[in-house]
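# Structural overview
Given next are the chains, with one letter for each unit.
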Amino acid sequence: MSFVQPVTLRERGIRLEPLAPAHEAGLRAAAADGQLWTIRVTSVPEPEQTRAYIDTALQMREQGSRFAFAVVDEASARVLGSTSYHDILPAVQRVEIGWTWYAHSVQRSHVNTTCKLLMMGHAFDTLGCQVVGWRTDNYNFASQRAIERLGARKDGVIRHHALRRDGTVRDTVMYSMTAAEWPEARAQLLYLLKRRAQTP
């Protein structure tokens, strides 16, 4: 039995559901909102590669190394993007959260905070993880700021670590949060979501 079992998570009008071939058109539309595949520091699929992106995610799910979700707006059923658990290590009760991207029109909204609240809560409170990790490109400063806003701590930088889509090799910035740090981080995320909801 896989450590991460199929599950659908819901909060504040956002639904995370297991990524499936039926999400292909929605993912393609989400990526087109901002032409996200042109950003060199992200993993967003090019339009014609969307099905292959899904197929790869499903293969990794079978292998137990990644579990991808579609991010869906519950009111409209619109696919907003995708996010995943990856580098899943049951023996040490650790997962990482990544492969995350959203349509340009919902970036800097409540969507990312809500998704991370759902995924961190499931990882710590249901799966019993002791550590949740994140990794990002050394030039993806927006991602680094977003991870730090979650309350994650910077562990360090792995130099010359992974290929970018343009063939260059990136340094990878590593972050993590422990189970002991989660209650305070959760309280802060709930506070930020409440403030955002009260903002006209």
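Presented here is an overview of the structure given in this document. (Residues numbered from 1 in each chain as written. Predicted model: local features only at pLDDT ≥ 70, side-chain atom pairs only at ≥ 80, totals over all residues. Heavy atoms only, no water.)

Attention now goes to unusual backbone geometry. Positive phi, close to 50°, is recorded for Arg12, a residue that is not glycine. For Arg12, the position within the fold is in the loop between strand S1 (9–11) and strand S2 (14–18). (Helix = DSSP H or I, 4+ residues; strand = E, 2+ residues; numbered from the N terminus.)

Direction of pairing for strand S7 (residues 153–163) relative to strand S8 (residues 169–178): antiparallel, over a ladder of seven bridges. Within the sheet, the bridge partner assigned to Ile158 lies in S8 and is Thr172. Count of turn residues in the S7/S8 antiparallel hairpin: five residues, of which Gly167 carries a positive phi of about 90°. (Pairing = 2+ DSSP bridges.)

Once that is clear, we can look at the pattern of salt bridges. According to the stated counting rule, one finds 14 salt bridges in the structure shown. For Glu96, the salt bridge goes to Arg135, with nearest N and O atoms at 2.8 Å. Linking Glu96 in strand S5 (residues 94–102) with Arg135 in strand S6 (residues 131–137), this pair joins segments that are 39 residues apart in sequence. With relative accessibility at 3%, the residue Glu96 sits in the buried group. Relative accessible area serves as the criterion here: at 26%, Arg135 is assigned to the partly exposed category. Put simply, Arg10, Arg15, Glu17 and Glu74 are held in one network by salt bridges that share partners. (Salt bridge = Lys/Arg side-chain N within 4 Å of Asp/Glu carboxyl O. Buried < 20%, exposed > 50% of the residue type's maximum accessible area, 1.4 Å probe, protein only.)

Reading across the sheet, the eight strands line up as S1-S2-S3-S4-S5-S6-S8-S7 and stay open at both edges, with mixed pairing between neighbours. Each having just a single partner strand, S1 and S7 make up the two edges of the open sheet. Within this sheet the neighbouring strands show an average axis-to-axis angle of 25°, counted without direction. Both S5 and S6 contribute to a ladder of three bridges, which runs parallel. Residue pairing across strands places Val95 opposite Val132, the latter belonging to S6. Across the sheet, helix H2 (residues 50–63) lies against S2, strand S3 (66–73), strand S4 (79–89) and S5, angled at about 130° from S3, the strand it touches most. (Axes fitted to C-alpha atoms, helices over the stretch in contact; angles between N-to-C directions. Contact = heavy atoms within 4.5 Å.)

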